[in-house]
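Spelled out, the chains give:
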Amino acid sequence: ADVAYLRSVLPSNTDDAFFDYLATLDASEVTVTAIPEGSVVFARVPFLQVKGPLLVVQLLETTLLCLVNYASLVATNAARFRLLAGPDMKLMEMGLRRAQGPDGALSASKYSYIGGFDCTSNILAGKLYGIPVRGTIAHSFVMSFRSLEEVQPRELPPRAGGDPVDLAALAVSWLQRVCDLLQTPPGKANQGELAAFVSYAVTFPCDFQGLLDTYCVRRSGLPNFCAVALALHQLGYQAIGVRLDSGDLAQQSKEIRRVFRTCEAHFQVPWFGTIPIAVSNDISEQSLEEFRREGGSEIDMIGIGTNLVTCPLQPSLGCVYKLVEVNGSPCLKLTEDEEKMTIPGMKTIYRLYDAAGHPFMDLMALEEEPSPSAGQELGIRVLGRLGETTKVIPSTVEPLHRTYFRDGQVCEPLPSLPEVRTHAQVSLNLLSPAHRQLHEPQPYPV
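Here the structure is a predicted model, which is why all the values come from computation and not from measurement.

### Regarding the overall build of the protein
Now for step 1: Check the secondary structure of the protein and you find 15 helices and 19 strands.
Now for step 2: Computed over C-alpha atoms, the radius of gyration of the protein comes to 29 Å, more than 25% over the 22 Å expected from 2.2 N^0.38 for 446 residues, which places it beyond the range of a compact globule.
Now for step 3: Counting the 446 residues in the protein, one finds 43% classified as buried.
Now for step 4: A separation of at least 24 residues holds for 64% of the contacts in the protein among residues at least 6 apart in sequence.
Now for step 5: With the model as given, the accessible surface of the protein reaches about 23400 Å², and the carbon-plus-sulfur share is 53%.

### Examining the packing of helix H8 (residues 167-182) against helix H10 (residues 217-234)
Now for step 1: At a closest axis distance of 8 Å, the pairing of H8 and H10 adopts a crossing angle of 120 degrees. Classified by the interaxial angle, the pair formed by H8 and H10 is oblique. Crossing hand, H8 versus H10: right-handed. Residues Leu167, Leu170, Ala171, Trp174, Leu175, Val178 and Cys179 of H8 pack against Pro223, Asn224, Cys226, Ala227, Val228, Leu230, Ala231, Leu232 and Gln234 of H10.
Now for step 2: Looking at side-chain class alone, the contact of H8 with H10 contains 14 nonpolar, two polar and no charged residues.

### Details of the UniProt feature "domain: Nicotinate phosphoribosyltransferase C-terminal" (unreviewed entry) in the protein
Now for step 1: Per the UniProt record, "domain: Nicotinate phosphoribosyltransferase C-terminal" (unreviewed entry) is annotated on residues 347-446.
Now for step 2: Taken end to end, residues 347-446 comprises 18% helix and 32% strand; its first and last C-alpha atoms sit 13 Å apart.

### Here's the deal with helix H9 (residues 191-203)
Now for step 1: Look at H9: 18 Å from first C-alpha to last across 13 residues, which is about the 18 Å you get at 1.5 Å a residue.
Now for step 2: Counting buried residues in H9 gives 11 out of 13 residues, a clear majority hidden from the surface.
Now for step 3: Against helix H7 (139-143), strand E5 (155-156), H8, strand E7 (209-211) and H10 lie the buried residues of H9.
Now for step 4: Among the residues of H9, the N-terminal cap falls to asparagine 190, whose side-chain oxygen and the backbone nitrogen of glycine 192 are separated by 2.9 Å.

### Concerning the sheet that holds strand E4 (residues 119-120)
Now for step 1: Strand order in the open sheet formed by six strands is E4-E3-E10-E9-E8-E7, with parallel pairing between adjacent strands. The open sheet is flanked by E4 and E7, the only strands paired with a single partner.
Now for step 2: Strand direction decides the pairing type here: strand E9 (residues 277-279) and strand E10 (residues 301-304), joined by two bridges, are parallel. Bridge pairing in E10 links alanine 278 to methionine 301.

### Considerations on the UniProt feature "domain: Nicotinate phosphoribosyltransferase N-terminal" (unreviewed entry) in the protein
Now for step 1: As annotated by UniProt and renumbered to match this structure, "domain: Nicotinate phosphoribosyltransferase N-terminal" (unreviewed entry) occupies residues 2-69.
Now for step 2: In residues 2-69, the share of helix is 44% and the share of strand is 12%. The end C-alpha atoms are 26 Å apart.

### Quick word on the environment of alanine 108
Now for step 1: Considering the arrangement of structural elements, one finds alanine 108 in helix H5 (residues 101-115).
Now for step 2: Using a relative accessible area of 1% as the deciding quantity, one classes alanine 108 as buried.
Now for step 3: Between the C-alpha atoms of alanine 108 and alanine 125, which are 17 residues apart in sequence, the distance is 9.3 Å.
Now for step 4: Setting aside anything within four residues of it in sequence, one finds alanine 108 in contact with Tyr70, Val74, Glu93 and Val309.

### What about the nonpolar core?
Now for step 1: Residues Val198, Phe208, Phe225, Phe260, Phe272 and Ile302 are the most contacted members of the largest nonpolar core, which totals 86 residues.
Now for step 2: Considering every element that reaches this core, the biggest residue donor is H10, with 10 residues.
Now for step 3: Discounting chain neighbours no more than four positions away, the residues touching isoleucine 302 are Met89, Lys90, Leu91, Met92, Val279, Ile283, Leu288 and Phe291.

### Examining a nonpolar patch on the surface
Now for step 1: A surface patch of nonpolar side chains, about 520 Å² in accessible area, is lined by Tyr5, Leu6, Val9, Leu10, Phe18 and Tyr21.
Now for step 2: When residues of the nonpolar patch are traced back to their parent elements, those giving at least two are helix H1 (2-9) and helix H2 (16-22).
Now for step 3: Turning to its location among the elements, tyrosine 5 is positioned in helix H1.
Now for step 4: The exposure class assigned to tyrosine 5 is exposed, which follows from its relative accessible area of 53%.

### Focus on the sheet that holds strand E13 (residues 347-353)
Now for step 1: Taken in spatial order, the three strands of this open sheet run E14-E13-E17, and their pairing is antiparallel. For this open sheet the edge positions go to strand E14 (359-366) and strand E17 (396-399), each flanked by a neighbour on one side alone. Direction aside, neighbouring strands of the sheet carry axes that sit 25 degrees apart on average.
Now for step 2: Bridge count for E13 against E17 is four bridges, and the pairing is antiparallel. Looking at E17, one finds that tyrosine 350 is bridged to proline 399.

### Structural notes on the pattern of salt bridges
Now for step 1: The tally for this structure, following the rule as stated, stands at 15 salt bridges.
Now for step 2: The partner of aspartate 118 in a salt bridge is arginine 82, and the shortest N-O contact between them spans 2.9 Å. Here aspartate 118 is found in the loop between H5 and E4, whereas its partner arginine 82 is found in helix H4 (residues 61-85), with 36 residues between them in sequence. Residue aspartate 118 shares its accessibility class with arginine 82, and that shared class is buried.
Now for step 3: Two residues, glutamate 298 and arginine 261, come together in a salt bridge whose shortest N-O distance is 3.7 Å. Of this pair, glutamate 298 sits in the loop between helix H12 (285-294) and E10 while arginine 261 sits in helix H11 (residues 249-267), and the two are 37 residues apart along the sequence.
Now for step 4: Here arginine 261 falls in the partly exposed class, since its relative accessible area comes to 45%.

### Looking at the environment of glutamine 191
Now for step 1: Mapped onto the elements, glutamine 191 comes out in helix H9.
Now for step 2: For the pair formed by glutamine 191 and arginine 436, sequence separation is 245 residues and the distance between their alpha carbons is 50 Å.
Now for step 3: In this structure glutamine 191 touches Arg146, Ser147, Leu148 and Leu175, once residues within four positions along its chain are discounted.

Rules of the game
- Numbering of residues begins from 1 in every chain and follows the order in which that chain's sequence is written.
- Given that the model is predicted, a residue must reach a pLDDT of at least 70 before its local features are reported, and side-chain atom pairs must reach 80 or more before they are shown or counted; all residues, however, enter totals for whole chains, interfaces and linings.
- Hydrogens and waters are ignored; side-chain quantities use all the structure's heavy atoms.
- Think of it this way: any DSSP run of H or I at least four residues long counts as a helix, any run of E at least two long counts as a strand, and we number them from the N terminus.
- For the radius of gyration, the atom set is restricted to C-alpha positions; the globular benchmark scales as 2.2 Å times the number of residues to the power 0.38.
- Buried, partly exposed and exposed residues are distinguished by accessible area as a fraction of the type maximum, computed with a 1.4 Å probe on protein chains only: under 20%, between the cut-offs, and over 50%, respectively.
- In what follows, residue pairs with any heavy atoms lying within 4.5 Å of each other are defined as contacts.
- All accessibility values rest on the Shrake-Rupley procedure with a 1.4 Å probe; residue burial counts only the protein chains present in the view.
- Whenever a helix is involved, its axis is fitted only over the stretch in contact; in every case the axis is a line through C-alpha atoms, and angles between N-to-C directions fall within 0 to 180 degrees.
- Note on terminology: angles under 35 degrees are roughly parallel, angles over 145 are roughly antiparallel, angles of 65 to 115 are roughly perpendicular, and the others are oblique.
- If you view the pair so one helix is near and one far, a crossing is left-handed when the near helix is turned anticlockwise from the far one by less than a right angle, and right-handed when it is turned clockwise.
- By the convention adopted, Pro, Cys, Tyr, Trp, Phe, Met, Ile, Leu, Val and Ala count as nonpolar, Lys, Arg, Asp and Glu as charged, and the other residues, Gly among them, as polar.
- UniProt positions are given in the numbering used here, feature names are shortened, and annotations may be inferred rather than shown by experiment.
- Here the expected length of a helix is defined as 1.5 Å per residue gap, with one fewer gap than residues.
- Two N or O atoms form a polar contact when they lie within 3.5 Å of each other; inside protein one atom must be a possible hydrogen donor and the other a possible acceptor, and for residues adjacent in sequence the pair counts only when both atoms belong to side chains.
- By this definition, two strands are paired if DSSP reports at least two bridges between them.
- Take the buried residues of types Ala, Val, Leu, Ile, Met, Phe, Trp, Tyr and Cys, join any two whose side-chain atoms come within 4.5 Å, and each joined set is a nonpolar core.
- What goes into a patch is any residue over 30% in relative accessible area without a salt bridge, connected to like charges within 9 Å or, for nonpolar side chains (Val, Leu, Ile, Met, Phe, Trp, Tyr), within 5 Å.
- Between Lys or Arg on one side and Asp or Glu on the other, a salt bridge is scored when a side-chain nitrogen of the former is within 4 Å of a carboxyl oxygen of the latter.

Structure below.
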């Protein structure tokens, strides 16, 4: 069917022998070597090399670039967010609604997980790839309730067993006590919001969470959440968190934490002060930097969507696929733009490490050149400064390329998604702080 389609779109005088040849194509003569998935790769370093019949490897160009460009871009973007957030912050990918279609959304979920995110709101990605899934209560759910009379069912049995209790009535009694403690008028708490929280709590008593900013955090969302959480506690259950989606997120997190600790002390509920606080609302790299500058925020989890999956700071990665050798003869593309000049010949790639265990240089050598050794003095020329020779002595030398595909078969075991994610974090952590910093990093020589 593919050959028939090509006949219909190519010129009518195309030689029939060409179509006969296409029908016989297979990958048995193709070899693919690559730097392992999840590795840090620097500019100008070939992270994938393809050998085979010229026509076959030319046909692979667009497919391979499509597969690696967006994936690498999203993983890199996610890694930047992880570096800014620090190792302990929980990061949730929630960009499904803003992604570039369903394929882009699934790729974004998968590769943001590799880049260091902890979970995704994309349930299909969880099903297909085994990524942990998380979500939070929605504004539309809260707004769909008007009064406590709409809550059905409203009774919840204690966790330890016993007769069901009217959770709505219990929450109302707790709301009065919470408002007295916080010196907030109970009449300012939205009854529809309270009904939504009660309904959610009856359905998910072990996973109750609150979205606090549908109406007013201080006068409504926060006291309503505390009332329902304390009512659940009376029945033996424990709330799992709250989310903020507007306003000064860092400042509000501090105020919410103070209220939680006040309730913990006053009502003697030992876990209340540590209820996790999640935030969302067009979080960007700048947002994370502001959280850090402000200091002392009480945010435990960050949900990032648009600025993660659409990569607005760099919408495309720009990987290229260039011919470097034909029938043993090196090929060189000459151009007035030096950045677009190719480096001829099939290469082997080495990563050189210093005595502290940090990579300090990537070395490209022709395949036929002898491999460098640890402790050996090497004469090298750095890209961008080819007129001068520099001497380096690596403490450790690591060959980067592995052969993954040969004779029509995958020949290297492919790692699982969690293994790739772990490798990505290890690769980033090996970089020296000077190379890893996001603003004005020290250039990494190749």
